[in-house]
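Listed below are the residues making up each chain.
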Amino acid sequence: MLKEILKNKEIILASGSPRRKQFFKDLHIPFKADVRPVNEVYPQDLKGTEITDYLAKLKAEAFNDLKANQILITSDTIVSNEGIAMGKPKDTAEAKQMIASLSGKTHSVETSVCFTTIKTQKIVHSSTKVTFKELSEEEINFYVTNYKPFDKAGGYAIQEWIGFIGITHIEGSYFNVVGLPTHLVYKILTELASA
């Protein structure tokens, strides 16, 4: 459906994430990927979706050469645990520490998506609550050693082994936790195509 209504638009996905690229393919959205370097630093007083909104907009600023028929999509995801924002782990030790801090608790996964054209900019965000069982040290070590989740916010991917064995409850969009609130992307692109 989107492929037809977007036939006069060029979608630029500013993401290197293989998961986000796959979502666009699965949604039948034709796109080109274009990732530009951005220093992802945000004001320390921001919380939750304020952080992801800020970073998604910041990533859009690297594109000052958009054409009239182009729609740029930038996004950012963080894990918020007890008010602390968790990005991607730097190494094995930090990945293990991040997952251990999520063990036996409920945290939230925040994703913002920014849609930019030469005329307008619209940002939407989604928040999903995820609950982990108490994870053993052996389970955490096994996951980090075998899956190396260093490109994942919070140090884990819900669609991998740790999600299969460890997640007991989810409230909100599952796909948001994977990396993109696909229902919102579909909604906004449909609106922009008919604007």
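Just above sits the structure.
Participant: Explanation requested: the layout of surface pockets in the structure shown.
Facilitator: Over the atoms, a rolled probe matching the size of one water molecule traces out where space is still vacant. Of the voids in this model, the largest pocket is the one considered here, and its volume is about 720 Å³. As for the largest pocket, its lining consists of 36 residues, of which Arg20, Lys59, Asp76, Thr77 and Lys88 are closest to the centre. Within the residue set of the lining of the largest pocket, elements represented by two or more residues are α2 (18-26), α3 (49-60), β3 (70-81), β4 (84-86) and α7 (174-178). Per-element accounting of the lining of the largest pocket gives the leading share, five residues, to β3. Taken as a whole, the second largest pocket encloses approximately 200 Å³ of empty space. Lining the second largest pocket are eleven residues, with Lys9, Ala68, Thr117, Lys119 and Leu192 positioned closest to its centre. Tallied by class, residues from the lining of the second largest pocket come to five nonpolar, four polar and two charged.

Participant: For this particular structure, what's the right way to read unusual backbone geometry?
Facilitator: Peptide bonds are mostly trans, and most non-glycine residues show a negative phi. Even without being glycine, His28 reaches a positive phi, approximately 60°. With respect to the element layout, His28 can be found in the loop between α2 and β2 (32-33). His28 sits in the exposed class, given a relative accessible area of 53%.

Participant: Quick question: what am I supposed to make of the pattern of salt bridges here?
Facilitator: Note that side chains of opposite charge can pair when their charged atoms are close. Summed over all chains, the structure comprises 13 salt bridges. Between Glu191 and Lys187 there is a salt bridge whose closest N-O contact spans 3.1 Å. You can see Glu191 and its partner Lys187 sitting in helix α8 (residues 182-193), four residues apart, about one turn around the helix. Exposure remark for Glu191: the relative accessible area of 37% places this residue in the partly exposed category. Connected through salt bridges with shared partners, the residues Arg19, Asp151, Lys152 and Glu160 form a single ionic network.

Thresholds, definitions, all that
Here the residue index of a chain counts from 1 through its sequence in written order. Predicted model: local features are reported for residues with pLDDT of at least 70 only, side-chain atom pairs are reported and counted for 80 or more only, and whole-chain, interface and lining totals are derived from all residues. Hydrogen atoms and water are omitted, and side-chain values are computed over all heavy atoms in the structure. Buriedness of a pocket was judged along seven lines, with at least five required to meet protein on both sides within 12 Å; pockets are open sets of points on a 1 Å grid over the protein atoms alone, cavities are sets where a 1.4 Å probe fits but cannot get out, and lining residues have an atom within 4 Å of a point. Grid points are joined across faces, edges and corners, and a volume is the space filled by probe spheres set on the points. In DSSP terms, a helix is any run of H or I states spanning at least four residues, a strand is any run of E spanning at least two, and both are numbered starting from the N terminus. Side-chain classes follow a simple rule in which Ala, Val, Leu, Ile, Met, Phe, Trp, Tyr, Cys and Pro form the nonpolar group, Asp, Glu, Lys and Arg form the charged group, and the remainder, Gly included, forms the polar group. Burial here depends on accessible area, computed with a 1.4 Å probe over protein chains only, as a share of the maximum for the residue type. Under 20% is buried, over 50% is exposed, and the range in between is partly exposed. Salt bridges are defined as contacts in which a side-chain nitrogen from Lys or Arg sits within 4 Å of a carboxyl oxygen from Asp or Glu.

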